[in-house]
Amino acid sequence: MFYLGIDFGTSGARAIVIDENESIQTKINCTFETVNEDKLASNWQNILYTILGKIPLIICQEIRAIAINGTSSTVLLCNAQGMPIVTPLWYDDIRGKEYLKNIQEIAPDNHIVCSASSSLAKLFWWYNNVDCKEATFFLHQADWLGSLLHGKLGISDYHNALKLGYDVNKLNYPNWLTVLPFYTILPQILPPGTPVESVTLDIAEQFNLRKDCQVCTGTTDSIAAFLASGVKHPGEGVTSLGSTLVLKLLSQTSVNEFKSGIYSHRLGDLWLTGGASNTGGAVLRHFFTNKELEIYSNQIITDKPSNLDYYPLLKPGERFPINDPQLLPKINPKPDNKVKFLQGLLESMAKIEALGYQKLQELGATPLTQVYTAGGGAKNKTWQKIRERFIKVPVSISPQTEAAYGTALLAKRSHINLE
Ligand code: ADP
């Protein structure tokens, strides 16, 4: 039995099929072409079908469940037949900023929807700027793509729906949202990875899938990447050392601090909390090539601290763990010795990472016991040692980091829960 996870990112889509032992059977990548805005949704559809068409027949015939993740807060409006009536808005689109005041008037203070790029801000923008007479369904990217496979419209999951205003504590839409004129087009919300329906007959025939292959509700890209790590126990964290430094901590409690960009996603009975700092690999890339990072890192003597105290940023401003939009980068004094300079940067970032986990715990998250690492900096063993010294818990590389793998796990769990 196989399980398929599909990750729709910003530059393309990736699919991973896993077996019952969670080993990867096949991986397929597809890059987005540059298309006119009005062809965006049909381009997603083509990519989805291209991916399905590329999975070897022998694997297709044994896929039992499929799940899709999309970029969080990438949304669209559809008519009653599921045809998009607008160009989808990407996750980072901030045209809704002019309606932030309206949202602040109705939503609780500091709610996650009070952001120019929230799904709700995008919905406000559409209702005020395009003809929405035919709008029957407001869907996230993952919901719409899922509907192409199972044929049911108006269904989403509570990861995608967080930035729409869905109450993940009470598992309903709050009263301040239900009174809005467009409430009727909001999707029904199910837990991520809930089987919705089998693939349609057309899809089963076209792609040699089993008629009983279930399509499940999806999740968002960053949660899928977290799920890929396989982390299950409260207290386990995943640090992503990519261009920025992103922390995620599995917790028994939900912690939220809007001004620091800290919020919590529901994960069954647990919560996935975290925050993102502006420090990270982008600063390293500014000073060093990847080859230099490797060579100089190997020369660092980790138990001889540099005593350099930096706050590495490329431009002023930080949100987490220090919330200060004017915070200045601190990268001085800069020693001539490049190994020492790199050591100072890596130690300072490790300090910021430790401070981040400390901040989440101060707000009430479950104490940290173990950190897994993803992203371009994960392979750096020297940094791992330095980080262990500051974070004071074991640090290791995440065995799997691809969002498509996490989404395949979601599909697998949904199928196992069914049996
Ligand atoms: P993103 O997807 O966020 O752009 P990646 O996860 O691909 O980033 O990671 C890229 C980053 O990893 C770069 O900023 C680069 O400086 C950093 N990086 C690459 N190699 C190393 C290394 N050996 N040690 C530390 N950082 C590294």
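Looking at an unreviewed UniProt entry, one finds the protein named D-ribulose kinase and attributed to Aphanothece sacrum FPU1. Annotation of the protein in UniProt includes, under Sequence similarities (unreviewed entry), the sentence "Belongs to the FGGY kinase family."

Caption draft 1: Local environment of the site of the ligand. Around the ligand there are 14 residues in total, and S243, G281, N290, G376 and N380 lie nearest to it. Between an oxygen atom of the ligand and a side-chain N or O atom of S243, the distance comes to 2.7 Å. Take G281: an N or O atom from its main chain is 2.8 Å from an oxygen atom of the ligand. Protein burial of the ligand: of its 590 Å² of free accessible surface, 73% is covered by the chains.

Caption draft 2: Local environment of the packing of helix α10 (residues 290-298) against helix α11 (residues 338-362). With their axes 9 Å apart at the nearest point, α10 and α11 run at an angle of 95° to one another. It follows that α10 is roughly perpendicular to α11 by the angle criterion. Between α10 and α11, the contacting residues are E292, L293, Y296 and S297 on the first element and K338, V339, L342 and L346 on the second. Along the lines of polarity and charge, the residues of the contact of α10 with α11 split into 5 nonpolar, 1 polar and 2 charged.

Caption draft 3: The arrangement of the domain arrangement of the protein in detail. You can read the domains of the protein as domain 1 (2-223 + 404-417) and domain 2 (231-398). Put simply, the middle of domain 1 and the middle of domain 2, counted by C-alpha atoms, are 30 Å apart. For the pair domain 1 and domain 2, the summed buried area comes to about 1100 Å², and 63% of that belongs to carbon and sulfur atoms. Inspection of the domain 1/domain 2 interface yields 0 salt bridges.

Caption draft 4: A look at the nonpolar core. The biggest cluster of nonpolar side chains holds 40 residues, and the ones touching the most others in it are F8 and I63. Top element by residues in this core is helix α1 (residues 40-54). It accounts for 8 residues. When neighbours within four sequence positions are excluded, I63 is seen to be in contact with F2, L4, V17, I55, L209, R210 and C213. Counting residues in each nonpolar core, the second largest holds 38 residues, with I300, L327, F341 and L342 among its members.

What counts as what
- Residues numbered from 1 in each chain as written.
- Predicted model: local features only at pLDDT ≥ 70, side-chain atom pairs only at ≥ 80, totals over all residues.
- Heavy atoms only, no water.
- UniProt positions renumbered as here; feature names shortened; annotations may be inferred.
- Near = heavy atom within 4 Å.
- Polar contact = N/O pair within 3.5 Å; in protein donor to acceptor, adjacent residues only side chain to side chain.
- Areas by Shrake-Rupley, 256 points an atom, 1.4 Å probe, with all protein chains shown as cover.
- Axes fitted to C-alpha atoms, helices over the stretch in contact; angles between N-to-C directions.
- Helix = DSSP H or I, 4+ residues; strand = E, 2+ residues; numbered from the N terminus.
- Parallel < 35°, antiparallel > 145°, perpendicular 65-115°, else oblique.
- Contact = heavy atoms within 4.5 Å.
- Nonpolar A, V, L, I, M, F, W, Y, C, P; charged D, E, K, R; others polar.
- Domains from an automatic or database assignment.
- Buried area = accessible area lost by both parts, 1.4 Å probe.
- Salt bridge = Lys/Arg side-chain N within 4 Å of Asp/Glu carboxyl O.
- Core = buried A, V, L, I, M, F, W, Y, C linked by side-chain atoms within 4.5 Å.
- Buried < 20%, exposed > 50% of the residue type's maximum accessible area, 1.4 Å probe, protein only.

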